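Residue-level listing of the chains:
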2 protein chains.
Amino acid sequence: MPGSKSMNVLVRPNIRDAETAISEGILGKMVVLVAGRCRVQYVGRAKSNLEPGERILIIKADGSLLVHRSVGYEPVNWMPGGDVFYNVQAKEQTLQVRAQRKKPAETVNVMFDEIQLVVSLLLSDVGEFSLYASEEDMQRAILLKPDLLEEGFRPISYEKKVAPGFVDVYGEDKDGKFVVVEIKRKTAGKEAAMQLARYIEAVRGRTNREVRGILVAPGTGKDVLRTLAVLGLEYKHLDPRRCAETLTRVRTKKLADFLEES
Amino acid sequence: MPGSKSMNVLVRPNIRDAETAISEGILGKMVVLVAGRCRVQYVGRAKSNLEPGERILIIKADGSLLVHRSVGYEPVNWMPGGDVFYNVQAKEQTLQVRAQRKKPAETVNVMFDEIQLVVSLLLSDVGEFSLYASEEDMQRAILLKPDLLEEGFRPISYEKKVAPGFVDVYGEDKDGKFVVVEIKRKTAGKEAAMQLARYIEAVRGRTNREVRGILVAPGTGKDVLRTLAVLGLEYKHLDPRRCAETLTRVRTKKLADFLEES
DNA sequence: AATTAAATTTCGCCT
DNA sequence: AGGCGAAGTTTAATT
């Protein structure tokens, strides 16, 4: 039973053997690696052509396909996973791997005329992935410790829907003024300032109370501070990493409190 | 001379041999593939942790690093290529591959406790990559055949700088009214409408002539047509693929004319 | 070096 | 199923 092994390796196989190995790998929901000389054509949302050269083709268990050149973070051609239909067939001295999906309608065609390596693998992987210091972490940190924004700030709601979209955090300051907070996890450009301005306008149209707008980010682009000033908005420096640490500290403290109470 | 071969394959190597093969692969600017059980930690712009599991590690000739799980288009961890410093070392029964760069300061740490496969390859690849049906193609198509936008349209300039950014195409219609064109290669959302509105405002502030705004795209989002109507703007359906074909046709025609003249 | 906008963006969340 | 926004977005172009 060739398909039951967790790893198959073919070094410089002939076209026929490569065809079989790749087909079985895809059918068996394995991860398939192919190294060889190929031409690649894509037709779908756009259209592309890649002239012959040596690349690495990866087909994953969910049907996703990647063609990688020898440099670059991004694949030169690809197909995201999902409902992808594969067709693998030897044609004389070439091997064609075609990936096709319906929505959006697109096709990637990889044509090998030389194959150096075919590997198929069954990867056993249930390890959890955790990411810290996202924009959501910053939001949660402010909600848990509002003083991170400013002393006396009290959150009322978050992800509140207003005219064009959602306000990240919404609350009031120590003087009872409404505060609209826009959070960015990295240096904020003028688009962020404009976004906040639009939210502010929407909120001001609904209340007679004074409304402040605060852009929270680890930094600002060149003219952003001036743009904010012109629009009557404010800026508060806040580092996403520090927010993540704050969250950890709060969680730890909560745990300590819990243990103490027990 | 082990480093001079164009492909090395190690199946289930011990830690020491894997260390050597990976180090030499990186030093030799080869593409290195490693399949094995690993834990991955990232610290930099954010922070992440990936618990142990079987994955594929790819290190490319330019120093870029990818860690791929068995599913998904995107790598779970990565490092873009450039000035990346690598450290590969065996520690008892584990193998650590660390990638580090200065700007931005970040580190990816891949720790293997089991290695199924190590492959290093020298990929010979000079094949040209061509992409059609980009937004730029749409712009060029309109400039070459202005009737694609509307009968009688005459372009004056493109990528013209106005207040907040650049107008894609700028011209006048058969009645002498100014026309500002905003191009989107895919379904246009309300952001596109807003963008066009801002450009229109900027242009109107500079002239007494009537100014029309046309959003060009292969489709529109839900409320975009109504938003455009409210703002006094127009929509013109145009398919990026058709634009690309138009370009090809024009080029072919130009060539035919040239041959005829000769 | 900083900024801006596009991308076959992908991905997740929510209506 | 479509709309919306975030992403360790990356990448290329322009100042």
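None of the values given here were measured: they were computed from a predicted structure. (Residues numbered from 1 in each chain as written. Chains lettered and ligands numbered in written order. Predicted model: local features only at pLDDT ≥ 70, side-chain atom pairs only at ≥ 80, totals over all residues. Heavy atoms only, no water.)

(A) Seen up close, the relation of the copies chain B and chain A. Structural alignment of chain B on chain A gives an RMSD of 0.3 Å, achieved by rotating through 180° and translating 0.0 Å along the axis. Such a combination of rotation and displacement between the chain copies is what one expects of a two-fold axis. The fraction of interface residues of chain B whose copies in chain A are also interface residues reaches 98%, indicating that both copies meet through the same surface. (Least-squares fit on C-alpha atoms with pLDDT ≥ 70 in both. Contact = heavy atoms within 4.5 Å.)

(B) Representation of the protein's contact with DNA strand D. Neighbouring residues of DNA strand D: 20 residues in total, closest Leu 131, Glu 135 and Arg 185 of chain A together with Arg 45 and Trp 78 of chain B. What you see for DNA strand D is that sugar and phosphate hold 78% of its atoms within 4 Å of the protein. At 3.1 Å from a phosphate oxygen of DNA strand D is found a side-chain nitrogen or oxygen belonging to Lys 103 of chain A. In the environment of DNA strand D, a phosphate oxygen lies 3.1 Å from a nitrogen or oxygen atom belonging to the backbone of Lys 222 of chain B. (Near = heavy atom within 4 Å. Polar contact = N/O pair within 3.5 Å; in protein donor to acceptor, adjacent residues only side chain to side chain.)

(C) Local environment of the pattern of salt bridges. All names here are of chain A. Within this structure, the stated rule accounts for 32 salt bridges over all chains. The closest approach of N and O atoms between Asp 113 and Arg 37, which form a salt bridge, is 3.2 Å. Taken together, the residues span a long stretch of sequence, with Asp 113 in strand β8 (residues 106-121) and Arg 37 in strand β2 (residues 31-43) at a distance of 76 residues. Residue classification places Arg 37 among the partly exposed residues on the basis of a relative accessible area of 30%. Within the structure, one salt-bridge network assembled from shared partners comprises Glu 150, Asp 173, Arg 212 and Glu 234. (Salt bridge = Lys/Arg side-chain N within 4 Å of Asp/Glu carboxyl O. Helix = DSSP H or I, 4+ residues; strand = E, 2+ residues; numbered from the N terminus. Buried < 20%, exposed > 50% of the residue type's maximum accessible area, 1.4 Å probe, protein only.)

(D) Highlighting the sheet that holds strand β12 (residues 178-183) of chain B. Residues and elements named next belong to chain B. Here we have five strands laid out as an open sheet, ordered β10-β11-β12-β13-β14, and mixed in their pairing. Edge positions in the sheet fall to β10 (154-161) and β14 (234-237), since each of these pairs with one other strand and no more. On average, each strand axis in the sheet is tilted by 30° relative to the strand beside it, whichever way the strands run. (Pairing = 2+ DSSP bridges. Axes fitted to C-alpha atoms, helices over the stretch in contact; angles between N-to-C directions.)

(E) How the structure looks around the domain arrangement of chain A. Taken domain by domain, chain A comprises domain 1 (7-126) and domain 2 (135-243). For domain 1 of chain A and domain 2 of chain A, the distance between their C-alpha centroids amounts to 46 Å. (Domains from an automatic or database assignment.)

(F) The arrangement of the protein's contact with DNA strand C in detail. Close contacts around DNA strand C come from 21 residues, with Arg 45, Asn 77 and Lys 222 of chain A together with Glu 135 and Arg 185 of chain B the closest. Within 4 Å of the protein, the atoms of DNA strand C are drawn from sugar and phosphate moieties in a proportion of 77%. Arg 45 of chain A places a side-chain nitrogen or oxygen 2.4 Å from a base oxygen of DNA strand C. At a separation of 2.9 Å, a base oxygen of DNA strand C approaches a polar side-chain atom of Asn 77 of chain A. Of all the elements in the fold, those that place two or more residues in the surface near DNA strand C are β5 (77-79) of chain A together with β9 (129-132) of chain B. Its residues assigned to classes, the surface near DNA strand C shows eight nonpolar, three polar and ten charged. (Nonpolar A, V, L, I, M, F, W, Y, C, P; charged D, E, K, R; others polar.)

(G) Summary view of unusual backbone geometry. A cis amide bond links Lys 103 of chain A to the next residue, Pro 104 of chain A, at an omega of -5°. Note that Pro 104 of chain A resides in the loop between β7 (94-101) and β8. A positive phi angle, close to 45°, is found at Arg 12 of chain A, a residue other than glycine. With respect to the helices and strands, Arg 12 of chain A occurs in the loop between β1 (7-11) and α1 (15-27). The backbone of Lys 29 of chain B sits at a positive phi, close to 55°, despite the residue not being glycine. Inspection of the secondary structure assignment puts Lys 29 of chain B in the loop between α1 (15-27) and β2 (31-43).

(H) Molecular detail of the packing of aromatic side chains. Overall, the coordinates contain four aromatic pairs over all chains when judged by the stated rule. Relative to Trp 78 of chain B, the ring of Tyr 73 of chain A lies with its centre 5.8 Å away and its plane at 50°, an arrangement referred to as tilted. Taken together, the residues span two chains, with Tyr 73 of chain A in the loop between β4 (65-68) and β5 and Trp 78 of chain B in strand β5 (residues 77-79). You can call Tyr 73 of chain A partly exposed: its relative accessible area is 27%. The class for Trp 78 of chain B is partly exposed, based on a relative accessible area of 33%. On the basis of an interplanar angle of 25° and a centroid distance of 5.5 Å, the ring pair of Tyr 170 of chain A and Phe 178 of chain A is categorised as stacked. Assigned by exposure class, Tyr 170 of chain A and Phe 178 of chain A land together as buried. In this structure, Arg 209 of chain A is placed above the aromatic ring of Phe 178 of chain A, and the distance from its NZ or CZ to the ring centre is 4.2 Å. (Phe/Tyr/Trp six-rings, centres within 6.5 Å; stacked < 30°, edge-to-face > 60°. Lys NZ or Arg CZ within 6 Å of the ring centre and 35° of its normal.)

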